[in-house]
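Below, each chain spelled out in residue letters.
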Amino acid sequence: MENSNQRYICELCGYIYYPEQGDEENFIHEGTPFEELPDDWRCPWCQVTKEHFRPMSDDE
């Protein structure tokens, strides 16, 4: 079962996507899991694609 609150971190710049916050600048609503972000969504800080993100572990 996937965790809809799973945080993801950009491996290039360190931006963290928090599903509970969404991405207001890019019109992503609060509560949107990373997996449901549009395919063309990009990191708000460095503009890389979703492929450059990885799930964060609980101890990070």
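Here the structure is shown first, and the text comes after it.
Fair warning: this is a prediction, and the values are worked out from it, not measured in the lab. (Residues numbered from 1 in each chain as written. Predicted model: local features only at pLDDT ≥ 70, side-chain atom pairs only at ≥ 80, totals over all residues. Heavy atoms only, no water.)

K.L.:
Describe the overall build of the protein chain, and please don't skip the residues or the numbers.
P.N.:
Counting its regular elements, the protein chain contains 0 helices and 3 strands. Taking 2.2 N^0.38 as the reference for a compact globule, 60 residues should give roughly 10 Å; the C-alpha atoms of the protein chain span a radius of gyration of 11 Å, in line with that estimate. Each principal axis of the C-alpha distribution contributes one length, and for the protein chain these read about 25 × 25 × 15 Å. By the burial criterion, 35% of the 60 residues in the protein chain qualify as buried. By sequence separation, contacts in the protein chain at least 24 residues apart represent 42% of the contacts at least 6 residues apart. Here the protein chain displays about 4300 Å² of accessible surface, and carbon together with sulfur accounts for 45% of that area. (Helix = DSSP H or I, 4+ residues; strand = E, 2+ residues; numbered from the N terminus. Rg over C-alpha atoms; globule rule 2.2 N^0.38 Å. Buried < 20%, exposed > 50% of the residue type's maximum accessible area, 1.4 Å probe, protein only. Contact = heavy atoms within 4.5 Å. Areas by Shrake-Rupley, 256 points an atom, 1.4 Å probe, with all protein chains shown as cover.)

K.L.:
Before we move on, could you go through the pattern of salt bridges and cite the residues and values that matter?
P.N.:
Applying the stated rule across the entire model yields 2 salt bridges. Residues E11 and R54 are paired through a salt bridge, measuring 3.9 Å at the closest nitrogen-oxygen approach. Of this pair, E11 sits in the loop between β1 (8–10) and β2 (16–17) while R54 sits in strand β3 (residues 53–55), placing them 43 residues apart in sequence. E11 gets classed as exposed once you look at its relative accessible area, which sits at 52%. (Salt bridge = Lys/Arg side-chain N within 4 Å of Asp/Glu carboxyl O.)

K.L.:
So what about the sheet that holds β3? Which residues, and what values?
P.N.:
In spatial order, the strands read β2-β1-β3; together these 3 strands make up an open sheet with antiparallel pairing. With one partner strand each, in any of the chains shown, β2 and β3 form the two edges of the open sheet. Note: β1 against β3, 3 bridges, orientation antiparallel. Among the inter-strand pairings, C10 is bridged to a residue of β3, identified as F53. (Pairing = 2+ DSSP bridges.)

K.L.:
So, the nonpolar core: which residues are in play, and what are the values?
P.N.:
Formed by Y8, C10, Y15, Y17, I28, F34, L37, W41, C43, V48 and F53, the largest nonpolar core amounts to 11 residues. Not counting residues up to four positions away in its chain, the partners in contact with F53 are Y8, I9, C10, Y15, F34, W41 and C43. (Core = buried A, V, L, I, M, F, W, Y, C linked by side-chain atoms within 4.5 Å.)

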